[in-house]
Amino acid sequence: MAKSKRGHALWSLPSRGRGTCPICQSTRIKLLYPRRATDGTNIKVCKRCDKVSQEKVDASIVVS
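Notes on the structure follow. (Residues numbered from 1 in each chain as written. Predicted model: local features only at pLDDT ≥ 70, side-chain atom pairs only at ≥ 80, totals over all residues. Heavy atoms only, no water.)

Next up on the list: the pattern of salt bridges. Scanning the model with the defined rule gives one salt bridge in all. Across the salt bridge formed by Asp-50 and Lys-51, the nearest N and O atoms sit 3.5 Å from each other. (Salt bridge = Lys/Arg side-chain N within 4 Å of Asp/Glu carboxyl O.)

If you want it as structure tokens, here you go:
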């Protein structure tokens, strides 16, 4: 039987939770995973970039 409520929370997010990942620059990808830089700022990243090193997260904050 189909799960009709799966992913329903994404509908209330702007652009259905999609955007450009600040780390890998992938476009129209779901940004669902929060990462915190060493300076305390939070960014949302894609599933692939959720596992990257802290250095790459900090480098994306400086570039952005």
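Read on for the rest.
Of the two faces of strand β4 (residues 42-45), only one is covered, namely that formed by Ile-43 and Val-45; the face formed by Asn-42 and Lys-44 stays uncovered. Adjacent in sequence and paired antiparallel, strand β3 (residues 33-36) and β4 are bridged by five residues, among which Gly-40 carries a positive phi angle near 100°. (Buried < 20%, exposed > 50% of the residue type's maximum accessible area, 1.4 Å probe, protein only. Helix = DSSP H or I, 4+ residues; strand = E, 2+ residues; numbered from the N terminus. Pairing = 2+ DSSP bridges.)

With ten residues, the main nonpolar core is built from Cys-21, Ile-23, Leu-31, Ala-37, Ile-43, Val-45, Cys-46, Cys-49, Val-52 and Val-57. Excluding its chain neighbours within four sequence positions, the residues that come into contact with Val-57 are Ile-23, Arg-35, Arg-36, Ala-37, Ile-43 and Val-52. (Core = buried A, V, L, I, M, F, W, Y, C linked by side-chain atoms within 4.5 Å. Contact = heavy atoms within 4.5 Å.)

With four bridges connecting them, β3 and β4 associate as antiparallel partners. Its bridge partner lying in β4, Pro-34 is registered against Lys-44.

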